[in-house]
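Next come the chains, spelled out residue by residue.
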Amino acid sequence: MNKERFQNIKSIRLVAIALSVILIVSGFKVIQDNSVTIEKREIKNGVALYASNSNYYPVTIELDAELTNMTSSESNPLITVLNGRSKEKIAEMKVKDPKSSWGMKYSYIFYQGSILAKHNDKEGYRLPFKIGEQHRLDQGYNGKFSHSGESRYSLDFNMKEGTEVYSSRAGIVVETEESYSKGGSGKSFLDKANYVTILHDDGTFAQYSHLRKNGVSVRIGQKIKAGERIGYSGATGYVTGPHLHFTVLKAKKGGGFISIPVKFATKDGIITLKEKETYTAY
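These numbers were taken from a predicted model, which means no experiment stands behind them. Along each chain, the written sequence defines residue order, and numbers are assigned to residues from 1. Only residues with pLDDT of at least 70 are given local features in this predicted model, and only at 80 or more are side-chain atom pairs given and counted; all residues enter the totals for whole chains, interfaces and linings. Here the side-chain values reflect all heavy atoms present in the structure, with hydrogen atoms and water set aside.

## Quick notes on the overall build of the chain
(1) Moving on: Secondary structure elements are taken from DSSP: a helix is a run of H or I of four residues or more, a strand is a run of E of two residues or more, and numbering for both begins at the N terminus. The number of helices and strands found in the chain is one helix and 25 strands.
(2) Moving on: Note on exposure labels: buried denotes an accessible area under 20% of the residue type's maximum, exposed denotes more than 50%, and partly exposed covers the range between, all computed with a 1.4 Å probe on protein chains only. When the 282 residues of the chain are sorted by exposure, 49% land in the buried category.
(3) Moving on: Whether two residues are in contact is decided by their heavy atoms, any of which lying within 4.5 Å being enough. For the chain, long-range pairs separated by at least 24 residues make up 71% of all intrachain contacts whose partners lie at least 6 apart in sequence.
(4) Moving on: Method for areas: the Shrake-Rupley scheme with a 1.4 Å probe, in which residue coverage is limited to the protein chains shown. Of the roughly 13,700 Å² of accessible surface on the chain, 46% is carried by carbon and sulfur atoms.

## What about the pairing of strand β16 (residues 194–199)?
(1) Moving on: Within β16, six of the six residues are buried, which leaves the element mostly enclosed by the surrounding structure.
(2) Moving on: Along β16, one buried face is formed by N194, V196 and I198 and the opposite face, lined by Y195, T197 and L199, is buried too.
(3) Moving on: Relative to β16, strand β14 (residues 171–177) is paired through five bridges, and the arrangement is antiparallel. Bridged to E177 within β16 is Y195.
(4) Moving on: Note: two strands are recorded as paired if DSSP finds a minimum of 2 bridges between them. Across six bridges, β16 lies against strand β17 (residues 205–216) in antiparallel orientation. Its bridge partner being in β17, L199 is matched across the sheet by F205.
(5) Moving on: Here β16 folds back onto β17 in antiparallel fashion, the turn holding five residues, of which G203 has a positive phi close to 90°.

## Thoughts on the pattern of salt bridges
(1) Moving on: Any carboxyl oxygen of Asp or Glu that lies within 4 Å of a side-chain nitrogen of Lys or Arg is treated as forming a salt bridge with it. Taken as a whole and assessed by the stated rule, the structure comprises 12 salt bridges.
(2) Moving on: With a shortest N-O distance of 3.3 Å, R229 and E164 are connected by a salt bridge. In this pair, R229 sits in strand β19 (residues 229–233) while E164 sits in strand β13 (residues 164–166), placing the two residues 65 residues apart along the sequence.
(3) Moving on: The exposure class of R229 is partly exposed, given its relative accessible area of 38%.
(4) Moving on: Taken together, the shared-partner salt bridges connect E123, R169, D201 and D202 into one network.

## As for unusual backbone geometry
(1) Moving on: In this chain, N76 is followed by P77 through a cis amide linkage whose omega measures 10°.
(2) Moving on: Topologically, P77 is positioned in the loop between β6 (70–72) and β7 (78–82).
(3) Moving on: Unlike most non-glycine residues, N69 shows phi in positive territory, near 60°.
(4) Moving on: In this fold, N69 is placed in the loop between β5 (59–68) and β6.

## Some remarks on the confidence of the model for the chain
(1) Moving on: Predictor confidence is given residue by residue as pLDDT, running from a minimum of 0 to a maximum of 100. Model confidence for the chain is summarised by a mean pLDDT of 89, while 89% of its residues fall at 70 or above.
(2) Moving on: Taken together, the stretch residues 1–26 has pLDDT below 50 and engages in 72 contacts with residues farther than four places along the chain or on a different chain.

This is how it looks when you write it as structure tokens:
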């Protein structure tokens, strides 16, 4: 009888968030190496692999298996998306010839967000401030100061520190930061912004950044409706003055994010906001 040669060799490589202004200024916290795990379970004539995700947001997993006398139920390499706070079977490896030796080893990486997410372009976002308030859009899409490359679809609303910030779309809070107290234009401030990140039902994320110290009024895991207060504006992180930085993001293959252009509901209809214009929330 041939002895099983199952090799449980895991190689976890965490994918860092791309080094761009938007993703450092308002990005996720570094993903923890034990927040996504894969375990094997013996099944008839083989092994099943189960993945667990303890984060509140989905992750994309890329797994590469080296099989000896085995076949996989899924494509190899495997790319799959695992929802937040979930555990699922992601593959089964069956022995082809039980009379011969068999085994496997695998490695995998994972990163924040779903690469399968598809933004709902028909969504009309709510302006992220109190009904009746007016705020100027100081920097819009493709803004010359810092909205370029993968962060080109970002918006900077002129707001005094302490202005109430409201959710532009319903979702679930998946990340927050409120411990920082300072901001400035030096590179040392790039990763020191306070923010709230909300996951939408289409798999995209909205980020509200540069909030004041202790300026977050929601908690991770909380379900949010459009128009709920989520925090207070500030001037933390990489800034030249107080404002609210807003962007919608989608995960990209290999890790990191790209910004997505969105439209807002205004008294003039659902429109793309223009730089230097002033808008009223209603």
